[in-house]
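# Observations on the model geometry
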Amino acid sequence: MRIAIIDESAARASIIQEGLATLEDCELFVITDRRGLLARIAQFDPDIVLMDLGNPSRDVLEEYFAVSRALQRPIAMFVDESDDESIIASVDAGVSSYVVDGLAPNRIRPILDLAVTRFNAFSRLQRDLAEAKGKLAERDAVDKAKRILMDTRGLPEPKAYAEMRKAAMNQGKRIVDIAEAIVTAHNLMGGI
């Protein structure tokens, strides 16, 4: 496992390193400079990112949230103080664990595990949502194509669907591909 530790303070970064000392097969990369942060993180290609920000200004916090949005990895962020707005922003930025005043070696491992678990759960939900939206879009295309066949050819709904299914089988395509072709052709013909 590759873990990037981002902290401008080497002393605080060592606390995180101490908390991860018991992990086997683990490569740690410590980044103490904010300049070119995203590129430097990409260079290490970590599996997990741990950020210790101490007591950041609003601008610094927003900068790290932007990095979080771009990474698409489990991220645990440690801060000394927070407010409701920062917590909401961290969730929106995809931070898996946002820990306030909790930087201690014995807490690092459970927080890391939580960040990974939450990231994986959220990723699963996003995949499921994308799949559901895709299926709804396909169903909508099939329904539109059926309506077009029903209106233009005077077919009943079961017959319109059977015609699309037959065309899909004959052409080795999915029904949704045939439906989309029907809708596109209909739109090109001016919705006759």
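This report concerns the structure included in the present document. (Residues numbered from 1 in each chain as written. Predicted model: local features only at pLDDT ≥ 70, side-chain atom pairs only at ≥ 80, totals over all residues. Heavy atoms only, no water.)

Further remarks concern unusual backbone geometry. With a phi angle near 50 degrees, Asp45 is a residue other than glycine that sits in the positive phi range. Note on placement: Asp45 falls in the loop between α2 (37–44) and β3 (48–54). Located in the positive-phi region is Gln72, a residue other than glycine, with phi close to 55 degrees. (Helix = DSSP H or I, 4+ residues; strand = E, 2+ residues; numbered from the N terminus.)

Two elements in contact, helix α1 (residues 10–19) and helix α5 (residues 105–153), have axes separated by 7 Å at closest approach and are oriented at 65 degrees. Classified by the angle their axes make, α1 and α5 are roughly perpendicular. By crossing handedness, the relation of α1 to α5 is classed as right-handed. Contacts between α1 and α5 involve Ile15, Ile16, Glu18 and Gly19 on the former and, on the latter, Pro105, Ile108 and Arg109. (Axes fitted to C-alpha atoms, helices over the stretch in contact; angles between N-to-C directions. Parallel < 35°, antiparallel > 145°, perpendicular 65-115°, else oblique. Left-handed = near helix turned anticlockwise from the far one by under 90°. Contact = heavy atoms within 4.5 Å.)

Turning our attention to the environment of Ile178. Looking at the element boundaries, Ile178 is found in helix α7 (residues 175–188). It is 59 Å that separates the C-alpha atoms of Ile178 and Asn106, two residues lying 72 residues apart in sequence. Contact partners of Ile178, with chain neighbours within four places excluded, come to Met164, Ala167, Ala168, Gln171 and Lys173.

Most of β3 sits inside the fold, with seven of its seven residues counted as buried. Because side chains alternate across β3, one face comprises the buried residues Ile48, Leu50, Asp52 and Gly54, and the other comprises Val49, Met51 and Leu53, equally buried. Sheet analysis places strand β1 (residues 2–6) next to β3, joined by four bridges and oriented parallel. Directly across from Ala4, in β3, lies its bridge partner Val49. Relative to strand β4 (residues 75–79), β3 is paired through five bridges, and the arrangement is parallel. Opposite Gly54, over in β4, you have Val79 as the bridge partner. Regarding the hand of the β-α-β motif, the stretch spanning β3, helix α3 (residues 58–71) and β4 is right-handed. (Buried < 20%, exposed > 50% of the residue type's maximum accessible area, 1.4 Å probe, protein only. Pairing = 2+ DSSP bridges. Right-handed = clockwise from strand over helix to strand, strands pointing away.)

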